[in-house]
Amino acid sequence: MKNDLKEIAGQFAKPKTLNSFIEYGGVAAAIETVQGNVYTGISIDTACSMGFCAEHSAVAEMLKNGEHHIKAVVAVDNDGNAVPPCGRCRELMSQLSKENLNAVIEVKNGVFVTLKELMPYDWKEDLGRKW
């Protein structure tokens, strides 16, 4: 994992209130691709749960730039602490490419695991579908 990936994400983890319905930036994520590019994203929290996680935002940026192979991921809260991806984010990253199961994720400060370790009983392995 790039040494500065967590620092990059931390630059964007600055919670802000847009109005009484929306807060954003409480969590920020940085994804490093196999090609060495870094994409960032922020969380959006809404009063009616229509928002999304920082990892989804970063994935959208990555896809917008024609990439989908992930090397490393970190999400941080506004104190700069690593937070693990939720199940929805894990699933999204795993569906982009089977190779993403090898992506290294900081799940807690200084604790790194692969996406595969976070998804030991992955339902996709038994479907016979191709990525």
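Residues numbered from 1 in each chain as written. Predicted model: local features only at pLDDT ≥ 70, side-chain atom pairs only at ≥ 80, totals over all residues. Heavy atoms only, no water.

A.B. asks: Before we move on, could you go through the environment of Ile 31 and cite the residues and values that matter?
C.D. replies: By the secondary structure assignment, Ile 31 is in strand β2 (residues 22-33). Owing to a relative accessible area of 0%, Ile 31 belongs among the buried residues under this scheme. For the pair Ile 31 and Ala 58, spaced 27 residues apart in sequence, the C-alpha to C-alpha distance is 6.6 Å. (Helix = DSSP H or I, 4+ residues; strand = E, 2+ residues; numbered from the N terminus. Buried < 20%, exposed > 50% of the residue type's maximum accessible area, 1.4 Å probe, protein only.)

A.B. asks: Describe helix α3 (residues 87-96), listing the residues and the values that go with them.
C.D. replies: Among all positions in α3, only Cys 89, Glu 91, Met 93, Ser 94 and Leu 96 are buried. Against α2 (54-64), β4 (70-77), β6 (104-108) and α4 (115-118) lie the buried residues of α3. (Contact = heavy atoms within 4.5 Å.)

A.B. asks: A description of the pairing of β6 should follow, citing residues and the corresponding values.
C.D. replies: With 3 bridges joining them, β4 and β6 adopt parallel strand pairing. Paired with Val 73 across the strands is Ile 105, a residue of β6. Direction of pairing for β6 relative to strand β7 (residues 111-114): antiparallel, over a ladder of 4 bridges. Considered in β7, the bridge of Val 104 is made with Thr 114. Between β6 and β7, which pair antiparallel and follow one another directly, the connecting turn spans 2 residues, one of which, Gly 110, has a positive phi of 80 degrees. (Pairing = 2+ DSSP bridges.)

A.B. asks: Pulling in residues and values, what's your account of the nonpolar core?
C.D. replies: By size, the foremost hydrophobic cluster in this structure holds 20 residues, and its most contacted members are Ile 31, Met 62, Ile 70, Met 93 and Ile 105. Elements with a contribution of two residues or more to this core: β2, α2, β4, α3, β6 and α4. At 4 residues, α2 tops the list of elements feeding residues into this core. Residues contacting Ile 70, with those up to four places away along its chain left out, are Ile 31, Glu 32, Thr 33, Val 34, Met 62, Met 93, Leu 96, Asn 100 and Ala 103. Ile 8, Ala 9, Ala 28 and Ala 72 belong to the second-largest nonpolar core, a separate cluster that totals 10 residues. (Core = buried A, V, L, I, M, F, W, Y, C linked by side-chain atoms within 4.5 Å.)

A.B. asks: An account of the pattern of salt bridges is requested, with residue identities and associated values reported.
C.D. replies: Where charged atoms from two side chains of opposite charge come close, those side chains can pair. Summed over the entire model, instances satisfying the criterion amount to 3 salt bridges. Close ionic contact of Glu 106 with Lys 6 constitutes a salt bridge, the shortest N to O distance being 3.2 Å. One end of the pair, Glu 106, is in strand β6; the other, Lys 6, is in helix α1 (residues 5-10), and 100 residues separate them in sequence. Classification of Lys 6 by relative accessible area gives partly exposed; the value is 22%. Residue Glu 32 pairs with Lys 71 through a salt bridge whose shortest N-O separation is 3.8 Å. Here Glu 32 is found in strand β2, whereas its partner Lys 71 is found in strand β4, with 39 residues between them in sequence. Note on Glu 32: relative accessible area 4%, which makes it buried. (Salt bridge = Lys/Arg side-chain N within 4 Å of Asp/Glu carboxyl O.)

A.B. asks: Explain the pairing of β2 residue by residue, including any values.
C.D. replies: Sheet topology note: the strand β1 (residues 16-17)/β2 ladder contains 2 bridges and is antiparallel. Of the residues in β2, the one forming a bridge with Lys 16 is Tyr 24. The hairpin formed by β1 and β2 contains 4 residues between the paired strands. Inspection of the sheet shows β2 paired to strand β3 (residues 38-46) by 8 bridges, in the antiparallel sense. By the bridge assignment, Glu 23 is partnered in β3 with Asp 45. Adjacent in sequence and paired antiparallel, β2 and β3 are bridged by 4 residues, among which Gly 36 carries a positive phi angle near 95 degrees. In this sheet, β4 lies alongside β2 in antiparallel orientation, the contact comprising 7 bridges. The partner of Thr 33 across the bridge, within β4, is Ile 70.

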